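# Analysis of the macromolecular model
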Amino acid sequence: MRIGELAEATGTTPRALRHYEQQGLITSARAANGYREYDARTAVRVRNIRRLLEAGLTLDDARAFLACLDGDVTAGPASARGLKVARDRLAVLDARIASQAAVRDRLAAALREAGETV
């Protein structure tokens, strides 16, 4: 299938697919006219990549799951490496949330000092 068909089938964009390919997460063959052609199984891989991204992981994090991206990524037991990647990403997200909460608290305090109700 061509890039537009894969994008439509997976709910993503051709640009994202080219990026996934550049990052080594998916591959394509080239037709005689230079167009990218993807195997139908690539749709499963792209959907799994998107699930990982929606769960808060990054494309770099997704590399830890390459061995299981072509099947049901949630079906098998979690690998030690996959769990470490998820724990590390959760720690990063928790730190960002704490930082943003502190900024919010400072802004709310400044508004209260200015006489605003928050």
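Right above here is the structure, for reference.
Here's what I pulled together on the structure shown here. Keep in mind that what you see is a predicted model, and the values were worked out from it rather than measured.

Cut-offs used in this document
- Residues numbered from 1 in each chain as written.
- Predicted model: local features only at pLDDT ≥ 70, side-chain atom pairs only at ≥ 80, totals over all residues.
- Heavy atoms only, no water.
- Helix = DSSP H or I, 4+ residues; strand = E, 2+ residues; numbered from the N terminus.
- Expected span 1.5 Å × (residues − 1).
- Buried < 20%, exposed > 50% of the residue type's maximum accessible area, 1.4 Å probe, protein only.
- Contact = heavy atoms within 4.5 Å.
- Axes fitted to C-alpha atoms, helices over the stretch in contact; angles between N-to-C directions.
- Parallel < 35°, antiparallel > 145°, perpendicular 65-115°, else oblique.

This part covers helix H3 (residues 42–54). With 13 residues, H3 extends 18 Å from end C-alpha to end C-alpha; this agrees with the ideal 18 Å at 1.5 Å per step. Every buried residue of H3 is listed here: Thr42, Ala43, Arg45, Val46, Asn48, Ile49 and Leu52. The secondary structure elements touched by the buried residues of H3 are helix H1 (3–10), helix H2 (14–22) and helix H4 (59–62). Looking one or two places after H3, you find Gly56, whose phi comes out positive at around 105°.

Attention now goes to the packing of H1 against H2. Across the interface, H1 lies against H2 with an axial gap of 9 Å and an inter-helix angle of 100°. The orientation of H1 with respect to H2, classified from their angle, is roughly perpendicular. For the pair H1 and H2, the contacting residues are Ile3, Leu6 and Ala7 in the first and Pro14, Leu17 and Arg18 in the second.

What follows deals with the environment of Arg45. Mapped onto the elements, Arg45 comes out in helix H3. When the C-alpha atoms of Arg45 and Leu69 are compared, they prove to be 5.0 Å apart, with 24 residues separating the residues in sequence. Setting aside residues no more than four positions away along its own chain, Arg45 makes contact with Leu25, Ile26, Leu66, Leu69 and Asp70.

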